[in-house]
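Observations on chain architecture
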Amino acid sequence: MLTKFETKSNRVKGLSFHPRRPWILASLHSGVIQLWDYRMGTLIDRFDEHDGPVRGVHFHKSQPLFVSGGDDYKIKVWNYKLRRCLFTLLGHLDYIRTVQFHQEYPWIVSASDDQTIRIWNWQSRTCISVLTGHNHYVMCASFHIKEDLVVSASLDQTVRIWDIGALRKKTVAPAEDILRLTQMNTDLFGGGDAVVKYVLEGHDRGVNWAAFHPTLPLIVSGADDRQVKLWRMNDTKAWEVDTLRGHVNNVSCVMFHARQDIIVSNSEDKSIRVWDMSKRTGVQTFRREHDRFWILAAHPDMNLLAAGHDSGMIVFKLERERPSYAVHGSTLYFVKERYLRTYDFDTGRDNPLISIRRTGSTGMNQGPRSMSYNPAENAVLICSDVDGGSYELYTIPKDTTGRSENAQEAKRGLGASAVFVARNRFAVLDRNHNQVVIKNLRNEVTKKVTLPFSTTDAVFYAGLGNLLCRSEDKVILFDVQQRNTLGELNTPFVKYVVWSSDMELVALISKHAIIIASKKLVHKCTVHETIRVKSGAWDDSGVFIYTTLNHIKYCLPNGDSGIIRTLEVPVYITKVKGTSVYSLDRDGKNRVIQIDTTEYMFKLALIQRKYDQVLQMIRGSQLCGQSIIAYLQQKGFPEVALHFVKDERTRFNLAVECGNIEVAVASAKEIDEKDYWYRLGVEALRQGNHEIVEYSYQKTKNFERLSFLYLITGNLEKLSKMLKIAEMRNDVMGRFHNALYLGDVQERVKILEESGHLPLAYVTAAVHGLTDVAERLAGELGENVPELPAESKSGLLLPPTPILRDNNWPLLLVSKGFFEGAFAADAGMPTDVDEESPAGAWEEELVLPDVTDRQNGAVAHGDDEEPRGEDDEEAGWDMGDLDLPADVGVTDSSASTESAYFVAPTPGMPVSQIWVQRSSLAAEHAAAGAFDTAMRLLNRQLGISNFAPLKSAFLELNVGSHTSLPALVSVPVVSVALERGWTESSSPNVRGLPALIYKMSTLEDRLRQAYKLTTEGKFTEALKIFLSILQTIPLVVVESRKEVDEVKELLGIAKDYVLAVKIELKRKEEKDNPVRMAELAAYFTHCNLQTTHLKLSLQSAMTICFRLRNFNTAASFCRRLLELNLTPAASTKARQVLQACERTPRDELQLNYDPRNPFVVCGQTYTPIYRGSEDVSCPFCTSRFVPQVRGKICPVCDLATVGADASGLLCSPTQVR
């Protein structure tokens, strides 16, 4: 047993796996229902409304619902998204043992101690049938997965099979009289729509559980007589096949395994037992010390089981699903279904090499566990858990080209692990004697080497002559030749070891961590994961790519990691090559997964300081996302992060971090919050840009700081205004401070006098020589006139007069980084600042940028020129002062610049480029003339790779979105872009999107024309029009979500008619082959056609089959015809043909056609693909094909590659928003 998840709780009485998500419901004896994520090991939610134990619980197959039944006689239906109970079903009169949803119908079946089974309709919330017949508690009841049957087990020692076919028919098409009768009799007699088909008697005690086999006509039951019984049934009877004995207490639950021929049972004897269904013997037993088992559940799709016991539950597997494999160069060696196979990464060819002997052991988990390949001798070592650990050595014949049916006799031996260590030597771990045994290829011992640690339990390959030995919580690098330890590293329990191609780095994979180390086991980094790590491989650039249960992820050499893509099912990576990840799935199938490497290659280039590559990737790729921004910020590249960010708050933070005042001002205006203006002021003050500081203080109304700013910048005019503002605001302290800053003594005296501080006002006036005011105040004070000290050294408190007033200070030099310079160049920004300085300004080497137009104090030297320091001895080129004669004059170039030169305005961005930048729609890119990006978009969105049919449409779109204006004879014609929705009131500065010639209305007109041609039987002409509609749809743009749905509907119609018409044309070619002609006529009737055309197709098929004396098939077409609204003549003819067919109900010719089994027609082979068969589809038109067509151009639309990955049709700006 491989335990995947375990919980501790009250006794678990009910379990149910979610069909798609990694969730499991557990209903407890305490009355609580728990919802667990068994992959993450976390409790998602708990539901507590039942009064008393909850014994049954079950997830719905497709809806966000689950049902529970408890000892409070209530059945509750819950919505786990809304996290509440939707309604309660009442009717049972005793404890409810089990509840289950039907696979297809809106039904719930429940079993109760009131000796009845009830079937409920959860949509109408009513009981639709009561199954009576048991005369003791009904312990369980469940629907058959496919047939109209219910199985129930009761303490009356019987298992009953109930036929509910009548209930299904009544529900699907209820007749009024039956409905009335049933309503009348249900409460009295339990209804006649469910009858007992079989009563299985054989158990000596009460039966606790019974279950159907998912595919075979088998039933398994477990009872208090400690026996598990296997039953078989047919249309007329059911009988006991065998009894499985082994449990020593009551059998609580028993079930068939969905994917293997085994039966799993659990019991109150504290064990889970696994039985071989064919041999009818026990295979394995798992025991707990103190906990009785009560319930079992199986995942509907995955190889997972769950068991509930007295103190919780466990989720487990019976066998490992990881395939064993080894990689050498471009070849993968792996074991699948008892064959050693190879897979060539270059050609994609899978080839069986040799047959591997089937082990004689009857236990589970006996398959191959690991593999080691020796390229020199073409030999393979396969390790397994047989006999407590053993190996098999196979030598692959050189001439092996196909499957060898005779199993090669392998050289075998016991050992926990076995790996090759030299050309003709391999090492086997002998745990009993704590030694490694070195053997040759004849399986003969050549020497034995004692290991340094007694707890070594596995060895891994580590290069020629070396081994990696796993010992408890560490890994040791051991030299077999020298018999000494080369390195040691503390790690979690290591499960797998992956070496880089140059053997310089090794990845040690444990259950929840990856440790990257050097070849000498020097630790580089560790990555921790919450979800189990499954596999990994190194790519060519030195990045480790690994998989968890549900993601492909990367790990950079410095330990940074991230997600590349999500996985539907777990896979095991075998090789990474460029953007392709080669992997094996759990069925041993090779899969190639395409990944986007841009993110981790971008980070790798940043780490390795390859800035030119970083710039190239920024310009050429669609990098975005919060993770990239956070990463760049964390690594000290805020100016690069600024390039990606659209959110104004994030832009502001990044701009402040990298000192970009211009961007920070623009973002602060957009945000317009006090905190952001304050932070902008602090940064501007740090750089010395006091005009921005002033603007920030004004926005936050920070008058005190503004006044002080005006003081230190010498702006007396604005300081006077601040004095008036303070007076208007009645701010006495503000007025006094401003008067103090201005040196306005009279104002200060006035303020002190008005505020009642007459002594202070007198002292201020007297000290500053205002004798008139001082005398007046002395008169008012009378005897309270203060005495002035006779200190002669004192000075007046007056501010100094500003010597120089200027717009801005010399700004702090913010060095422009590598990326800022590059981005500025990309955007066409000037790298030098205009030298327009007022007379008497600062010295020439200081840049004085304008507040709004210049880049926050960037130095005026080029990107490659370093600012020169004063003390730098080696200060570049010798540009010392020149002693020029005094008579050499210099004209003022700035004064005559305008008259001397004409500077042409810089050209704006072409409209076509604006269209390309603003749009993600292929049609608009084609209209702009950007055919390459249009093709890339169509390839990514719809998987289109054949663009030849679209060439004329691309050219028409481009020509249709432009017009030409004639000019003078000598002047070229002016090309003008036509914009969609342009009016005379449109702003000339705002560019609209291109006018497009393809509209839905024109396609609908074409569709009507094609329908008419189809009705007239002109199939070749109709095919051309349907195909033109299909090939125009990728280049249609609509404005609303409703129109998007109409486009998708039109796509489906065009696809169905192209396929149908092609089938009909193919039928006309097969006149010499009556069987094929009849098949194609039959397939034609299963295409999704208009009623008119369906009638014609059915009449044609009926005629053909009748002439070929296939009367059964012809009759089926007659019946389908009669269900349609026919003319009297056509109806009469169909009835006559039906009568003739029913007289001789046989088919002369055997057709590949089964009308009762749903199917779609392959667009390549024109053969049926029945439900459940493997198929591939076209990512654009969704036509279905047999798997052999994968990778070819779709024969229906002639555009897309069958089986390609695509994001979906994008035909409206509303989808992008």
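What you are looking at is a predicted structure, and each value in this text was computed from that prediction instead of being measured. (Residues numbered from 1 in each chain as written. Predicted model: local features only at pLDDT ≥ 70, side-chain atom pairs only at ≥ 80, totals over all residues. Heavy atoms only, no water.)

1. Re the overall build of the protein chain
Looking only at helices and strands, one finds 30 helices and 61 strands in the protein chain. For the protein chain, the proportion of its 1217 residues judged to be buried stands at 49%. If you take every contact in the protein chain between residues at least 6 apart in sequence, the share linking residues at least 24 apart comes to 48%. A total accessible area of about 61,800 Å² is found for the protein chain, and carbon and sulfur atoms account for 49% of it. (Helix = DSSP H or I, 4+ residues; strand = E, 2+ residues; numbered from the N terminus. Buried < 20%, exposed > 50% of the residue type's maximum accessible area, 1.4 Å probe, protein only. Contact = heavy atoms within 4.5 Å. Areas by Shrake-Rupley, 256 points an atom, 1.4 Å probe, with all protein chains shown as cover.)

2. Observations concerning the UniProt feature "repeat: WD" (unreviewed entry) in the protein chain
Within the UniProt annotation, "repeat: WD" (unreviewed entry) is assigned to residues 5-46, 47-88, 89-130, 131-164, 200-241 and 244-285. The span residues 131-164 shows a helical share of 0% and a strand share of 59%, and its end C-alpha atoms are spaced 10 Å apart. (UniProt positions renumbered as here; feature names shortened; annotations may be inferred.)

3. A few points about the sheet that holds strand β22 (residues 251-256)
Adjacent strands of a sheet form backbone hydrogen bonds with each other and so pair up, either parallel or antiparallel. With respect to topology, 4 strands assemble into an open sheet ordered β22-β23-β24-β25, the strand pairing being antiparallel. One side of each edge strand has no neighbouring strand; the edge strands of this open sheet are β22 and β25 (281-287). Shown here is a sheet whose adjacent strand axes are inclined to one another by a mean of 20°, direction ignored. Bridge analysis of strand β23 (residues 262-267) against strand β24 (residues 271-276) gives 5 bridges, and the strand direction is antiparallel. Across the sheet, the residue bridging to valine 264 is valine 274, located in β24. (Pairing = 2+ DSSP bridges. Axes fitted to C-alpha atoms, helices over the stretch in contact; angles between N-to-C directions.)

4. Observations regarding the packing of aromatic side chains
Tallied over the full model, the rule gives 32 aromatic pairs. Residues tyrosine 333 and tyrosine 373 carry aromatic rings whose centres are separated by 4.1 Å and whose planes lie at 20° to one another, so their mutual orientation is stacked. Here the residue tyrosine 333 occupies a position in strand β30 (residues 331-336), and tyrosine 373 occupies one in strand β33 (residues 368-374), the gap between them amounting to 40 residues. One residue, lysine 13, lies across the ring of tryptophan 294, its end atom 4.0 Å from the ring centre. (Phe/Tyr/Trp six-rings, centres within 6.5 Å; stacked < 30°, edge-to-face > 60°. Lys NZ or Arg CZ within 6 Å of the ring centre and 35° of its normal.)

5. Brief notes about the side chain of glutamine 34
For glutamine 34, the position within the fold is in strand β4 (residues 33-37). We classify glutamine 34 as buried; its relative accessible area is 10%. In this structure the side chain of glutamine 34 is engaged in a polar contact, spanning 2.8 Å, whose partner is the side chain of tryptophan 36. Apart from the residues within four sequence positions on either side, glutamine 34 is in contact with Ser9, Ile24, Leu25, Ala26, Leu28, Leu43 and Asp45. (Polar contact = N/O pair within 3.5 Å; in protein donor to acceptor, adjacent residues only side chain to side chain.)

6. Here's the deal with the pattern of salt bridges
Evaluation of the coordinates by the stated rule reveals 44 salt bridges. Among the ionic pairs, arginine 83 bridges to aspartate 45, the shortest N-O distance being 2.7 Å. Taken as a pair, arginine 83 in the loop between β8 (74-79) and β9 (84-90) and aspartate 45 in strand β5 (residues 42-47) lie far apart in primary sequence, 38 residues in all. The exposure class of arginine 83 is exposed, given its relative accessible area of 57%. Given a relative accessible area of 12%, aspartate 45 falls into the buried group. (Salt bridge = Lys/Arg side-chain N within 4 Å of Asp/Glu carboxyl O.)

7. Examining helix α15 (residues 758-767)
Turning to α15, its buried residues number three or more, namely Ala761, Tyr762, Thr764 and Ala765. Projected down its long axis, α15 shows its buried positions confined to an angular sector of 165°, all on one face. If you follow the buried residues of α15, they end up packed against α14 (745-754) and α16 (771-781). One or two steps after α15, the chain reaches glycine 769, where phi turns positive at roughly 80°. (Arc of directions from axis to C-beta.)

8. Points about a nonpolar patch on the surface
On the surface, a cluster of nonpolar side chains totalling about 340 Å² of accessible area is made up of Val767, Leu788, Leu796 and Leu798. In this structure, leucine 796 sits in the loop between α16 and α17 (818-826). Taking relative accessible area as the criterion, leucine 796 reaches 46% and is therefore assigned partly exposed. (Patch = residues over 30% accessible without salt bridge, like charges linked within 9 Å, V, L, I, M, F, W, Y side chains within 5 Å.)

9. Section: the environment of phenylalanine 87
The topology assignment puts phenylalanine 87 in strand β9. For phenylalanine 87, a relative accessible area of 10% puts it in the buried group. Along the primary structure phenylalanine 87 and tryptophan 122 are separated by 35 residues, whereas in three dimensions their C-alpha atoms are 9.1 Å apart. Ignoring sequence-local partners within four residues, the contact set of phenylalanine 87 consists of Ile75, Lys76, Val77, Trp122 and Arg125.

10. Some details on the sheet that holds strand β55 (residues 590-594)
Across the sheet, which stays open at both edges, the 3 strands sit in the order β53-β54-β55 with antiparallel pairing between neighbours. The sheet is open, and its two borders are formed by β53 (571-577) and β55, each paired with just one other strand. Averaged over all pairs of adjacent strands, the angle between their axes in this sheet comes to 30°, without regard to strand direction. Pairing between β53 and strand β54 (residues 580-585): 6 bridges, direction antiparallel.

11. Structural notes on the packing of helix α11 (residues 703-713) against helix α12 (residues 716-728)
For any two helices packed against each other, one specifies the crossing angle of their axes together with the interaxial distance. As a packed pair, α11 and α12 sit with axes 9 Å apart at the nearest point and diverge in direction by 155°. In terms of axis orientation, α11 runs roughly antiparallel to α12. Our pair here, α11 against α12, has a crossing hand that is left-handed. Along the contact surface, α11 presents Phe703, Leu706, Ser707, Tyr710 and Leu711, while α12 presents Lys718, Leu719, Met722 and Ile725. (Parallel < 35°, antiparallel > 145°, perpendicular 65-115°, else oblique. Left-handed = near helix turned anticlockwise from the far one by under 90°.)

12. Remarks on the confidence of the model for the protein chain
Summary statistics for the protein chain give a mean pLDDT of 82 and a share of 84% for residues scoring 70 or more. The low-confidence segment residues 827-904 (pLDDT under 50) makes 57 contacts with residues lying over four places distant or belonging to another chain. (pLDDT = per-residue confidence, 0-100.)

13. With respect to the pairing of β33
Of the strand pairs in this sheet, β33 and strand β34 (residues 379-384) are connected by 6 bridges, and their pairing is antiparallel. Residue pairing across strands places serine 372 opposite leucine 381, the latter belonging to β34. Counting the residues in the hairpin turn of β33 and β34 gives 4 residues, including asparagine 378, whose phi is positive at 55°.

14. What about helix α28 (residues 1111-1122)?
Given a rise of 1.5 Å per residue, 12 residues ought to cover 16 Å, and the 16 Å separating the end C-alpha atoms of α28 matches this to within 8%. Among the residues of α28, Phe1111, Thr1113, Ala1114, Ala1115, Ser1116, Phe1117, Cys1118 and Leu1121 are the ones counted as buried. Against α26 (1074-1084), α27 (1091-1107) and α29 (1128-1143) lie the buried residues of α28. (Expected span 1.5 Å × (residues − 1).)

15. Examining the environment of proline 352
For proline 352, the location among the structural elements is in strand β32 (residues 350-355). With relative accessibility at 11%, the residue proline 352 sits in the buried group. Placed 18 residues apart in sequence, proline 352 and phenylalanine 334 show a C-alpha to C-alpha distance of 9.5 Å.

16. Examining the packing of helix α9 (residues 674-687) against helix α10 (residues 690-700)
Packing of α9 against α10 leaves a shortest axis separation of 8 Å and a crossing angle of 160°. The angle between the axes of α9 and α10 places the two elements in the roughly antiparallel class. Pair α9 / α10 crosses with left-handed handedness. On α10, the residues touching Lys674, Trp677, Tyr678, Leu680, Gly681, Ala684 and Leu685 of α9 are Ile692, Val693, Tyr695, Ser696, Tyr697, Lys699 and Thr700.

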